[in-house]
Amino acid sequence: MTVEQNVLQQHSQKHQQTLLNQLREVTGTTDVQLLQQALQVSNGDLAEAVAFLTEKNAKVPQQDEATYYQTAQITNDRYISVGSQADTNVIDLTGDDKDDLQRAIALSLEESSRAFRETGITDEEQAISRVLEASIAENKASLKRTHTEVWSDSPNPHDRKRLENCPVGLKNVGNTCWFSAVIQSLFNLLEFQRLVLHYSPPARMQDLPRNQKEHRNLPFMQELRRLFSLLVGSKRKYVDPSRAVEILKDAFKSSESQQQDVSEFTHKLLDWLEDAFQIKAEEDREGEKPKNPMVELFYGRFLAVGVLEGKKFENTEMFGQYPLQVNGFKDLHECLEAAMIEGEIESLHSAENSAKSGQEHWFTELPPVLTFELSRFEFNQALGRPEKIHNKLEFPSMLYMDRYMDRNREITRIKREEIRRLKEHLTVLQQRLERYLSYGSGPKRFPLADVLQYAMEFASSKPVCTSPVEDIDTTAPPGGTTAQVPPAASAGEQPDAAEGSGAGPQAQQRVHKPFTQSRVPPDLPMHPAPRHITDEELRVLEGCLHRWRSEVENDTRDLQASISRIHRTIELMYSDKSMMQVPYRLHAVLVHEGQANAGHYWAYIYDPHHRRWMKYNDISVTKSSWEELVRDSFGGYRNASAYCLMYIDDKKPFLIEEDFDKETGQMLNGLDKLPPDLKEYVEADNKLFEKEMEDWDALQARKLQQEKLALAAAAANVAVQPMNTEPCPTDDTAAPQQDPEYMEQQSPSGDSKHLQEETERAISKAAAEHDEKSPEVLLNTAMMTPNMQGVIMAIGKSRSVYDKGGPEAAFFKAMKVEYTRLLRLAQEDTPPERDYRLQHIIVYFIQNQAPKKILERTLLMQFADRNLGFDERCKNIMKVARAKLELVKPDEVNMEEYETWHQDYRNFRETTVFLLIGLEMFLKKSYVEALMYLIYAYQYNRVLLAKGPYRGHNEDLIGHYRRECLLRLNEHAAALFETGEENEVNNGLSIMNELVVACIPLLLVDEMEEKDMVAVEDMRNRWCSYLGQEMEPNLQEKLTDFLPKLLDCSSEIKSFPDPPKLPSYSTLELCERYSRVMTLLTQNRTPADGR
């Protein structure tokens, strides 16, 4: 069939396929030929077709020749289910209510058919419409949320800036992970990318659309070009595909919602693109047979060779995505072999006429892009819902298609016959081996070699002449009781023998000990043994058993070796060069995680230029490996498995070749790859993004300027003398030519004189009134901050220097003493409950290698504290510190850097408070309240740790309790759901939706954190386990609505509650509570190195 004919017949073919799909869904029958026969007998009347199938009571009717020949003709749609091997189960509708049920089915089908006739929209298209509308609605709803967006979708545009040469991600705008997976797989086919980017709309766009199809396809094609151009040249880390989804949504009419199927969407996407290119091809080549690049890229042909009651037939058919059954097969080649052969085909290549019928498929033309649909879903008729097949299915990175080509038909048949013969022989050998490995006639069987060994051991055991029950003491108390033990005799007495129990020591041995009595006495053999056996009998028996065992072991080894050789022969059957001429390399794997009715999609795509696999998971694009792909794609591991495989012809490098400049020969990158209109479009978007970053930077600069002004005002307030003393006079003497460091400068002379006078008066007063009361004594009578305590202690230790050299000398001495003490604290290796960083900001600065000037000014500010007024000595030293502050020049201390360090410390304390409250709530088992504090503690702490390892707290510890909190909330919510009570169920789902589901993306952001990934998988498995259980319909409905949210693997956080408001703690209170909670955790918690 030509492409032109294909286009002309497309509408009727789709209608025909829609009828088949509806009939298949209603009756449960998967046999395409049987469904087609039912439609033919009923002349397309769906009600009569249903009646035809149900009246047969699930029996397959005898096919006539015309019906069988019509297989290839009626199902000539490009998306036919080629090679279906599913069994022909038909739902039994022969009960008492059969007529009513048939009428209901017929009514439903008539309404669906009438809707198609009236609107021209198929159920398949309506299904896509439902999910698109749900996606748009959810995206718009998320835009209306008032919660602040944080972390992954940061308001800081620099966080959303694309890294150099890193692929661009696609934002999940609401259950559109299927869209992202398919679009990224196609975009990374560079030939497909070129076709889309360089597509030019028909010249007479103003005359279009001529019909509904063109109204849909051409605008979508234009939007796809823009989306691809952004993926090529955008400066954003990820782009928003909402406009493309919006156009798709506008093409259909529906309001329901469901998760979209990848293969179904891919079918429709390629269909729309083919239509768009067909319109352009017909315009460009009027009067000529148009070539459609989409058809040439994705569609191939196969030859259906069949026989019916001895009559042969051949039909050529087109195919796009090739469907393969997974259940019952271990690898891709087994799936393909089964798909290429239907029924019994011996008569196809035998000289005798046979009544057997069947057909083979042979590829005559393979497309450059070969796509396989892996059917991992089946309908469970008992439960009335679809189920996912999690079986493991292996597939190679390089697939050789020679054995399936029509040109190799004869040699392949010979090899298949040889493989069939080898497999028959293999089955016989395996059955024989099984008899050796599972010997016996009862329910329990053992290896024959072991049976012979056991017999040899029995015969060789020491014979016992007595009965095995004769020497058992029947006077002993029954098990579990305790005998009366005679009281111990005094030191001078001899113990009397108990009546009827022998000597004293023997009586003591008879005391029943329940935990030791069951041990085998040392004088009994460990195994049963023959009563009587002569040496001659033993010799003959041992000889026979040894010989037989050797024979069995040799036979077993020979069988195993033969089986291995046959397996190896089968594996190498197609390894000769003549059968390795059609290589297809794996390009992309689309993975589905979840269950049949809910889940998440992502894609692994091979980068041939860097020779590595990349993982495309919505906005996240990361480097991956073949090992990770195997783990997530083969199946049998968790709930993830490949759903679609995309191979490309390895002999057609143009599929993945980059573009080169025709003049310079250099490879084109970025915007240079785009046509002028798209280049202009991307440049405009990049300018908007750059403007967004500039506005952000300007906003931050204004905030910083405001903070500087506030800091300057605060510094001016500090400079004002708080005491009732006269202002310090200034010194008008000339300054030296070079000013020394401000910490080494002498205080102004007038100030020194004034301070000296104040000191003399203070000493006299102190001597008269407080002879013994020093600042050190005050520490025991007043509560003050650790900083103030350290300063006062340092002043106390500088007392002798103060008496000899005055306030300035004492000031330098106290500064040195305090800094030395803080340095020692910073170097100590302390447990978590004694974190000196919380007590002293300078300890925090030292551990994080703050500049010397920052340390000096911070310590100077502590000595200049206005509250340092316990006695005249403290006041005078404080005045020296204040005078030093006035000497600081603007260029000596970078105040912007100074404020940044102090802001970091405030952030550290704030993070500590989040952590403290979260852990306190966790210990009280208030997990709902604890979660938000722990979430924000982890996120803020991570920002701190990005600047240095000592900027924050132990990330593993916070991560452990964040993880545990989510797991316990998940268990609590599941327990509420299991009660079945309406209020409890709603409360449980509310916890999951508002807390657990909202927080799961935070655990998925860092895919290297295996413990978090395992925790997420545990939570999902907990809820997925309900899918196989019987429950009330309302619970089933709630579970079905909830699971897609839980299984969405997107790491994008769309919105999140604002952080809780923190209380204000003094330093002493914060340190005390933090120490207490850390001590409790050390005593109670499990190590944070595991879940």
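Check the entry above for the structure.
In what follows, the accompanying structure is described. (Residues numbered from 1 in each chain as written. Predicted model: local features only at pLDDT ≥ 70, side-chain atom pairs only at ≥ 80, totals over all residues. Heavy atoms only, no water.)

**Regarding the overall build of the protein chain**
- On a plain count of helices and strands, the protein chain comes out with 37 helices and 16 strands.
- In the form shown here, the protein chain has an accessible surface area of approximately 56,300 Å², with 50% of it arising from carbon and sulfur atoms. (Helix = DSSP H or I, 4+ residues; strand = E, 2+ residues; numbered from the N terminus. Areas by Shrake-Rupley, 256 points an atom, 1.4 Å probe, with all protein chains shown as cover.)

**Re the pattern of salt bridges**
- This model, assessed by the stated rule, comprises 47 salt bridges.
- The shortest N-O distance in the salt bridge between Glu 899 and Arg 906 comes to 2.4 Å.
- Look at the salt bridges and you will find they share partners, linking Arg 160, Arg 236, Asp 685 and Glu 692 into a network. (Salt bridge = Lys/Arg side-chain N within 4 Å of Asp/Glu carboxyl O.)

**Details of the packing of helix α26 (residues 807–827) against helix α29 (residues 852–863)**
- Contact geometry for α26 and α29: axes closest at 11 Å, N-to-C directions at 115°. Crossing geometry of α26 relative to α29 is assigned as right-handed. Contacts between α26 and α29 involve Phe 811, Ala 814, Met 815, Glu 818, Tyr 819 and Leu 822 from the first element and Leu 855, Leu 859, Leu 860 and Phe 863 from the second.
- Tallied by class, the residues present in the contact of α26 with α29 amount to 9 nonpolar, no polar and 1 charged. (Axes fitted to C-alpha atoms, helices over the stretch in contact; angles between N-to-C directions. Left-handed = near helix turned anticlockwise from the far one by under 90°. Contact = heavy atoms within 4.5 Å. Nonpolar A, V, L, I, M, F, W, Y, C, P; charged D, E, K, R; others polar.)

**Some points on the packing of aromatic side chains**
- What the rule picks out here adds up to 33 aromatic pairs.
- Between Phe 319 and Tyr 322, the aromatic rings sit 5.5 Å apart at their centres with planes inclined by 85°, giving edge-to-face as the arrangement.
- The ring of Tyr 938 carries the charged tip of Arg 962 above its face, separated from the ring centre by 3.8 Å. (Phe/Tyr/Trp six-rings, centres within 6.5 Å; stacked < 30°, edge-to-face > 60°. Lys NZ or Arg CZ within 6 Å of the ring centre and 35° of its normal.)

**What about helix α16 (residues 409–437)?**
- If you check α16, its first and last C-alpha atoms are 40 Å apart, about what 29 residues at 1.5 Å a residue would give, namely 42 Å.
- Among the residues of α16, Arg 409, Thr 412, Arg 413, Lys 415, Arg 416, Ile 419, Leu 422, Leu 426, Leu 429 and Leu 433 are the ones counted as buried. (Expected span 1.5 Å × (residues − 1). Buried < 20%, exposed > 50% of the residue type's maximum accessible area, 1.4 Å probe, protein only.)

**What about the nonpolar core?**
- Core analysis: the biggest nonpolar cluster contains 102 residues, and Phe 845, Phe 863, Leu 919, Leu 931 and Trp 1023 have the highest contact counts within it.
- If we skip the residues at most four places from it in the chain, Leu 919 touches Leu 934, Leu 957, Tyr 961, Val 1077, Met 1078 and Leu 1081.
- One finds Trp 178, Ile 279, Val 369 and Tyr 643 within the second-largest nonpolar core, a separate group that totals 61 residues. (Core = buried A, V, L, I, M, F, W, Y, C linked by side-chain atoms within 4.5 Å.)

**Observations regarding the environment of Pro 786**
- Examined against the element boundaries, Pro 786 turns out to sit in helix α24 (residues 786–797).
- Spatially, the C-alpha atoms of Pro 786 and His 840 are 6.9 Å apart, while their sequence positions differ by 54 residues.
- Ignoring sequence-local partners within four residues, the contact set of Pro 786 consists of Arg 821, Gln 839, His 840, Thr 1067 and Leu 1068.

**Remarks on the pairing of strand β7 (residues 358–365)**
- For β7, the tally of buried residues reaches 6 of 8 residues, placing the bulk of the element in the interior.
- As paired elements, strand β3 (residues 300–308) and β7 share 7 bridges and run antiparallel to each other. Looking at the pairing, Arg 301 lines up with Glu 365 of β7. (Pairing = 2+ DSSP bridges.)

**Quick notes on the environment of Arg 882**
- The residue Arg 882 is located in helix α30 (residues 872–886) in this model.
- For the pair Arg 882 and Arg 866, spaced 16 residues apart in sequence, the C-alpha separation works out to 9.4 Å.
- A polar side-chain atom of Arg 882 sits 3.1 Å from the main-chain carbonyl oxygen of Ala 864. (Polar contact = N/O pair within 3.5 Å; in protein donor to acceptor, adjacent residues only side chain to side chain.)

**Quick notes on the packing of helix α35 (residues 1010–1024) against helix α36 (residues 1033–1047)**
- Axis separation between α35 and α36 bottoms out at 11 Å; the angle between their running directions is 165°. Considered as vectors, α35 and α36 are oriented roughly antiparallel to each other. Every pair of crossing elements has a handedness; the one defined by α35 and α36 is left-handed. Here Met 1019, Arg 1020, Trp 1023 and Cys 1024 of α35 lie close against α36, whose contacting residues are Leu 1039, Phe 1042, Leu 1043, Leu 1046 and Leu 1047.
- Residues of the contact of α35 with α36, tallied by class, amount to 8 nonpolar, no polar and 1 charged. (Parallel < 35°, antiparallel > 145°, perpendicular 65-115°, else oblique.)

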